[in-house]
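# Topology and contacts: notes
Read off the chains here:
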Amino acid sequence: MSSSPAASRPSVLFVCVHNAGRSQMAAAFLTHLAGDRVEVRSAGSAPADCVNSAVVEAMKEVGIDITAETPKILTVEAVQASDVVITMGCGDTCPVFPGKRYLDWQLDDPAGQGVEAVRPIRDEIESRVRALISKVIPH
């Protein structure tokens, strides 16, 4: 179909407000489950200083280490470079461009929550990422 795997690789951008919880978990799951079959980005409209420690702990429980991740600011360029943009409560701050596929995942915000409250959010994100892989990523 295409000349190189990179050319046919879809790109997905996960966006939430702080890029410290939901979008970090989603990006980590997609990277973990799809590997190099997809380009993964995450960003926040108002990034926090660091990734939520309860989110880091919840991801460690399922064997995914995100301790090295840092919240990133949402840029127009990141949206333009992505095929699929998945928002998670960033409201009207997410730029919209024609030709992009947008999904809005309504998920509880893990900010200020303990690991017990983060686990069900993590599990829901994993489930949604697995469904996304089956729809978006070539086998």
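Residues numbered from 1 in each chain as written. Predicted model: local features only at pLDDT ≥ 70, side-chain atom pairs only at ≥ 80, totals over all residues. Heavy atoms only, no water.

## Re helix H5 (residues 115-136)
Given 3.6 residues to a turn, an α-helix orients residues that are three or four positions apart in the same direction. Selection criterion: The secondary structure listing takes helices from DSSP runs of H or I that are at least 4 residues long and strands from runs of E that are at least 2 residues long, numbered from the N terminus. Helix span is expected to be 1.5 Å times the residue number reduced by one. Per-residue accessibility, obtained with a 1.4 Å probe over protein chains only, is compared with the maximum for each type, and a residue is labelled buried under 20%, exposed over 50%, and partly exposed between these values. Our arc is simply the arc of the directions from the helix axis toward the C-beta atoms.
The end-to-end C-alpha distance of H5, which contains 22 residues, comes to 30 Å, matching closely the 32 Å that a straight helix rising 1.5 Å per residue would cover. If you check which residues of H5 are buried, you get Val115, Val118, Ile121, Arg122, Ile125, Glu126, Val129, Leu132, Ile133 and Val136. The arc that holds every buried residue of H5, seen down its axis, measures 150°, which confines them to one face. Opposite the buried face of H5, at more than 90 degrees from it, the exposed residues are Glu116, Ser134 and Lys135.

## Here's the deal with the pattern of salt bridges
Which entries qualify depends on this criterion: Salt bridge, as used here, is a side-chain nitrogen of Lys or Arg placed within 4 Å of a carboxyl oxygen of Asp or Glu.
Across all of its chains, the model carries eight salt bridges by this definition. One salt-bridge network, in which partners are shared between bridges, spans Glu61, Arg119, Arg122 and Asp123.

## With respect to the pairing of strand S1 (residues 11-16)
Our working definition: Pairing between two strands requires that DSSP report at least two bridges joining them. Handedness of a crossover: with both strands directed away from the viewer, a clockwise path from the first strand across the helix to the second marks it as right-handed.
Most of S1 sits inside the fold, with six of its six residues counted as buried. Of the two faces of S1, both are covered, the one formed by Ser11, Leu13 and Val15 as well as the one formed by Val12, Phe14 and Cys16. With six bridges connecting them, S1 and strand S2 (residues 39-44) associate as parallel partners. Paired with Leu13 across the bridge in S2 is Arg41. With respect to chirality, the unit in which S1 leads through helix H2 (residues 22-34) into the neighbouring parallel S2 is right-handed.

## Details of the packing of helix H3 (residues 53-61) against H5
To be explicit about the condition: In this description, a line fitted to the C-alpha atoms serves as the axis of each element, helices being fitted only across the stretch in contact, and the angle between N-to-C directions of two axes falls anywhere from 0 to 180 degrees. Geometric relationships in this document are graded by angle, where less than 35 degrees denotes roughly parallel, more than 145 denotes roughly antiparallel, 65 to 115 denotes roughly perpendicular, and other angles denote oblique. Note on convention: the crossing is left-handed when the near helix lies turned anticlockwise from the far helix by less than a right angle, right-handed when the turn is clockwise. Contacts between residues were defined by any pair of non-hydrogen atoms, one from each residue, lying within 4.5 Å. Throughout, the ten residues Ala, Val, Leu, Ile, Met, Phe, Trp, Tyr, Cys and Pro are labelled nonpolar, Asp, Glu, Lys and Arg are labelled charged, and all others, Gly among them, are labelled polar.
With their axes 9 Å apart at the nearest point, H3 and H5 run at an angle of 60° to one another. Comparing their axes, H5 and H3 come out oblique. For the element pair H3 and H5, the recorded crossing hand is right-handed. Where H3 abuts H5, its residues Ala54, Val55, Glu57, Ala58, Met59 and Glu61 lie against Val115, Val118, Arg119 and Arg122. For the contact of H3 with H5, the class distribution of residues is six nonpolar, no polar and four charged.

## Remarks on the confidence of the model for the protein chain
Put simply, the rule is: How sure the predictor is of each residue is captured by pLDDT, a score from 0 to 100.
Taken over all residues, the pLDDT of the protein chain has a mean of 89, while the share at 70 or more is 89%. Across the protein chain, the secondary-structure element scoring lowest on mean pLDDT is helix H1 (residues 5-8), at 56, and the one scoring highest is H3, at 98. With pLDDT under 50 throughout, residues 1-6 is counted as low confidence; its partners more than four residues away or in other chains account for two contacts.

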